[in-house]
Amino acid sequence: MGFGSYILHNSYYIGFSVPHIFSNTVSREMGDGEDLYVERPHFFLIGGYIYSIHPGLQFKPTTLIRKVEGAPISIDITANMLFFERLNAGVYSRLNESVGMLFHYWLTEQLRVGYSYDYSISELRNHSS
């Protein structure tokens, strides 16, 4: 069971969600034993502002704060530029963990296609690519 709320205005948005309110132990029998893990509650808080710079050009900074029981708080900061309400391009940072870039294009009002690339700046960079 989860819960979420999202408020959207012409120039800002804010949201909060808890996709899994209760901890849940999951197990499944494997060939040589049992696979077991615990789903813990995840808390998400997002907010952003939309600055109209010029007709057809908007700047959209966003912050996402994520908390999971037993893990440190994670903060993502994103800076996006929106061109003619069709093409979105930006950069982001997950503080002390990674940096990246992203873009997406609206094919229709309900469908968009995009790409993002994440580069680790933490100790994990030696073990991931």
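Provided above is the structure to which this section pertains.
So, a few notes on the structure that sits alongside this text.

Conventions and cut-offs
- Residues numbered from 1 in each chain as written.
- Predicted model: local features only at pLDDT ≥ 70, side-chain atom pairs only at ≥ 80, totals over all residues.
- Heavy atoms only, no water.
- Phe/Tyr/Trp six-rings, centres within 6.5 Å; stacked < 30°, edge-to-face > 60°.
- Buried < 20%, exposed > 50% of the residue type's maximum accessible area, 1.4 Å probe, protein only.
- Helix = DSSP H or I, 4+ residues; strand = E, 2+ residues; numbered from the N terminus.
- Contact = heavy atoms within 4.5 Å.
- Pairing = 2+ DSSP bridges.

Some details on the packing of aromatic side chains
Going through the model one piece at a time under the given rule, you end up with four aromatic pairs. With centroids separated by 4.6 Å and ring planes inclined at 50 degrees, the aromatic side chains of Tyr49 and Tyr51 adopt a geometry described as tilted. Note on Tyr49: relative accessible area 36%, which makes it partly exposed. Each ring, one from Phe103 and one from Tyr115, has its centre 6.5 Å from the other, and the planes form 40 degrees; the classification is tilted. Of this pair, Phe103 sits in strand β10 (residues 98–106) while Tyr115 sits in strand β11 (residues 112–120), and the two are 12 residues apart along the sequence. Classification of Tyr115 by relative accessible area gives partly exposed; the value is 46%. Through pairs of rings, three or more aromatic residues link up here, namely Tyr49, Tyr51 and Phe59.

Some points on unusual backbone geometry
Look at Glu85: it is not a glycine, yet its phi comes out positive at around 55 degrees. Along the chain, Glu85 turns up in the loop between β8 (74–83) and β9 (87–94). Looking at Glu85, the relative accessible area reads 57%, which means it is exposed. Positive phi, close to 65 degrees, is recorded for Asn96, a residue that is not glycine. Among the secondary structure elements, Asn96 is positioned in the loop between β9 and β10. Judged by its relative accessible area of 71%, Asn96 falls in the exposed class.

A closer look at the side chain of Thr78
Tracing the chain through its elements places Thr78 in strand β8. Ignoring any residue separated from it by four or fewer positions in sequence, one finds Thr78 in contact with Lys60, Pro61, Thr62, Val91, Tyr92 and Leu102.

Overview of the pairing of β11
Sheet topology places β10 next to β11; nine bridges connect them, and they run antiparallel. Paired with Val99 across the strands is Tyr119, a residue of β11. What sits between β10 and β11 in their antiparallel hairpin is a turn of five residues.

Brief notes about the side chain of Ser98
Mapped onto the elements of the fold, Ser98 is located in strand β10. Judged by relative accessible area, which is 3%, Ser98 ranks as buried.

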